[in-house]
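Report on the structure
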Amino acid sequence: QPVGCLQGEQVWAYARGQLRPGFPRRVADEFPGVPGGVDAAVECHPEECGGETVLFFKGDTVYSFDLELRVTKPRTWPGLGPCDAALRWLERYYCLRGTQFQRFDPLTGEVPPGYPRDLRDYFIPCPG
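The paragraphs below set out a description of the structure included in this document. Fair warning: this is a prediction, and the values are worked out from it, not measured in the lab.

Quick look at a negative patch on the surface
Where like charges cluster on the molecular surface, the negative patch consists of E43, E47, E52, E68 and E91. Structurally, the position occupied by E68 is in the loop between strand 7 (61-66) and strand 8 (71-76). Residue class for E68 comes out exposed when judged on its relative accessible area of 70%.

Focus: the pairing of strand 10 (residues 92-97)
Summarising the sheet, strand 9 (residues 85-89) and strand 10 pair through five bridges and their orientation is antiparallel. Looking at the pairing, L87 lines up with Y94 of strand 10. Connecting the antiparallel pair strand 9 and strand 10 is a turn made up of two residues, with L90 showing a positive phi of about 50°. Relative to strand 11 (residues 100-104), strand 10 is paired through five bridges, and the arrangement is antiparallel. Across the sheet, residue C95 finds its bridge partner in strand 11, namely Q102. Here strand 10 folds back onto strand 11, and the loop between the two strands holds two residues, one of which, G98, carries a positive phi near 60°.

Thresholds applied
Residues numbered from 1 in each chain as written. Predicted model: local features only at pLDDT ≥ 70, side-chain atom pairs only at ≥ 80, totals over all residues. Heavy atoms only, no water. Patch = residues over 30% accessible without salt bridge, like charges linked within 9 Å, V, L, I, M, F, W, Y side chains within 5 Å. Areas by Shrake-Rupley, 256 points an atom, 1.4 Å probe, with all protein chains shown as cover. Salt bridge = Lys/Arg side-chain N within 4 Å of Asp/Glu carboxyl O. Lys, Arg positive; Asp, Glu negative; His and termini not counted. Charge placed at Lys NZ, Arg CZ, Asp CG, Glu CD. Helix = DSSP H or I, 4+ residues; strand = E, 2+ residues; numbered from the N terminus. Buried < 20%, exposed > 50% of the residue type's maximum accessible area, 1.4 Å probe, protein only. Pairing = 2+ DSSP bridges.

Structural data, given as structure tokens:
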């Protein structure tokens with residue numbers, strides 16, 4: 001399974017620990033319709049998004065990129081807000097910002113009641 005890294009306008013792709021030929025590339029060349037300088041990204045599994053998708057977060061906009069069709073759909077999910085990092089853990093999706101996080105639906109951006117929550121109470125145990 002290839003692994004990727006984003007920084008500024010560039011994307012790197014690795015397979016078995018080796019940089020793939022032709023990388024680094026511009027984000028816009030690898031993912032048409034996705035701007036450079038994204039804040040966060042997370043792969044969305046087909047059973048949860050209806051296809052192989054990568055969600056890119058930049059400010060208040062989420063760019064949903066369909067890996068098979070190579071099509072980008074920009075979305076605004078007002079309840080979610082900007083993300084410093086995004087992750088999938090135990091089949092759930094999370095947006096992290098500062099010391100807070102929100103769980104969200106990867107199709108609709110809907111955030112369940114009770115969020116945001118403090119990271120230190122769930123992911124990073126910090127006494128006191």
